Amino acid sequence: MDLAAMLRSPAFLLVIAVVLLSYLLGYLAYPLGLLAHKIVPKRRKRNAREEFLRRNPAAKGRPFTKADPFLLLAAIQLQDQEVGADASRVRATGLMLRNCAPPVFFGAVTAIVELIVGRNAVAAISCAVLFLVSSIALVVQGRMLTHWASLRTFEVAFWIPEIDDKFRP
């Protein structure tokens, strides 16, 4: 490949434009994902702190169990960056899933428009249903991964003996 010729071609500019647009669309996906998170009804009430304390009665009364999970994660990362990265990775994956829901929903809207305007009703209905169900599933799975990340934060903190000193009044 001739790098100089590739840099002169309009295709290179098109690739740069697509990368920048996808980056900007990522910023737009966050508030839309948050809106989807609020709109999709919750079937279960999940509380990571209560679930952790129910599973681990030995942790009751420890100061870290009363701390904010994000502050607790920061304390874990101060102790061991790599261990804290696991909970951060799971939380980021949950956010990614949640933020993928709006574009998939727009795919369902496009399929509904194709149903009205187009000629292949079976394909349009199939795509509309598939995209709609997928967008709801992405929000639900994003919630579940966020819950798992909070549980993981409490579980890791349980095994760090010095963590209670950071949260004593």
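For clarity, every value in this text was computed on a predicted model and none was experimentally measured. (Residues numbered from 1 in each chain as written. Predicted model: local features only at pLDDT ≥ 70, side-chain atom pairs only at ≥ 80, totals over all residues. Heavy atoms only, no water.)

Colleague: Help me get a handle on the overall build of the protein, residues and values and all.
Modeller: When helices and strands are counted, the protein shows seven helices and zero strands. Walking the protein from its N terminus toward its C terminus, one meets helices and strands in the order α-α-α-α-α-α-α. Relative to its length of 169 residues, the protein is extended, with a C-alpha radius of gyration of 22 Å against a globular reference of 15 Å. In terms of its C-alpha atoms, the protein occupies a principal-axis envelope of roughly 65 × 50 × 25 Å. Here the protein, with 169 residues, has 32% of them falling under the buried criterion. Excluding contacts between residues fewer than 6 apart, the proportion of contacts in the protein whose partners are at least 24 apart in sequence is 76%. Accessible surface computed for the protein: about 11,500 Å², of which carbon and sulfur atoms make up 70%. Treating the 21 positive side-chain charges of the protein as one cloud and the 12 negative ones as another, the clouds have centres 9 Å apart. (Helix = DSSP H or I, 4+ residues; strand = E, 2+ residues; numbered from the N terminus. Rg over C-alpha atoms; globule rule 2.2 N^0.38 Å. Buried < 20%, exposed > 50% of the residue type's maximum accessible area, 1.4 Å probe, protein only. Contact = heavy atoms within 4.5 Å. Areas by Shrake-Rupley, 256 points an atom, 1.4 Å probe, with all protein chains shown as cover. Lys, Arg positive; Asp, Glu negative; His and termini not counted. Charge placed at Lys NZ, Arg CZ, Asp CG, Glu CD.)

Colleague: I'd like a description of the environment of Lys66, backed by residues and values.
Modeller: Here Lys66 lies in the loop between helix H3 (48-55) and helix H4 (69-79). Classification of Lys66 by relative accessible area gives exposed; the value is 63%. It is 33 Å that separates the C-alpha atoms of Lys66 and Tyr27, two residues lying 39 residues apart in sequence.

Colleague: Go over the nonpolar core with me, naming the residues and quoting the values.
Modeller: Side chains of a nonpolar character, in soluble globular proteins, are inclined to be buried together. Core analysis: the largest hydrophobic core is formed by 17 residues, its most contacted members being Phe52, Phe64, Leu72, Ile76, Ile163 and Phe167. Counting residues per element, the ones that place at least two in this core are H3, H4 and helix H6 (121-158). Considering every element that reaches this core, the biggest residue donor is H6, with five residues. In terms of nonpolar packing, the next biggest core, distinct from the first, is built from nine residues, Ala36, Val40, Leu97 and Ala149 among them. (Core = buried A, V, L, I, M, F, W, Y, C linked by side-chain atoms within 4.5 Å.)

Colleague: Can you lay out H3 for me, pointing to particular residues and giving the numbers?
Modeller: One turn of an α-helix holds 3.6 residues; hence residues three or four places apart share an orientation. Along H3, the positions that sit buried rather than exposed are Ala48, Glu51, Phe52 and Leu53. The inward-facing, buried residues of H3 abut H6. Here H3 starts with a cap whose side-chain oxygen sits 3.0 Å from the backbone nitrogen of Arg49, and that cap is Asn47. (Polar contact = N/O pair within 3.5 Å; in protein donor to acceptor, adjacent residues only side chain to side chain.)

Colleague: Break down the packing of H4 against helix H5 (residues 81-117) for me, with residues and values.
Modeller: Contact pair H4 / H5: the axes reach a minimum separation of 6 Å and the direction vectors enclose 145 degrees. Touching Phe70, Leu73, Ile76, Gln77 and Gln79 of H4 are Gln81, Val83, Gly84, Ala85, Ala87, Ser88 and Arg91, all from H5. (Axes fitted to C-alpha atoms, helices over the stretch in contact; angles between N-to-C directions.)

Colleague: Which residues make up the pattern of salt bridges, and what values go with them?
Modeller: On inspection of all chains with the given rule, the structure shows six salt bridges. The shortest N-O distance in the salt bridge between Asp86 and Arg152 comes to 2.6 Å. Taken together, the residues Asp86 in helix H5 and Arg152 in helix H6 connect sequence positions 66 residues apart. For Asp86, a relative accessible area of 21% corresponds to the partly exposed category. Several salt bridges share partner residues, and in doing so they unite Glu51, Arg55 and Glu155 into one network. (Salt bridge = Lys/Arg side-chain N within 4 Å of Asp/Glu carboxyl O.)

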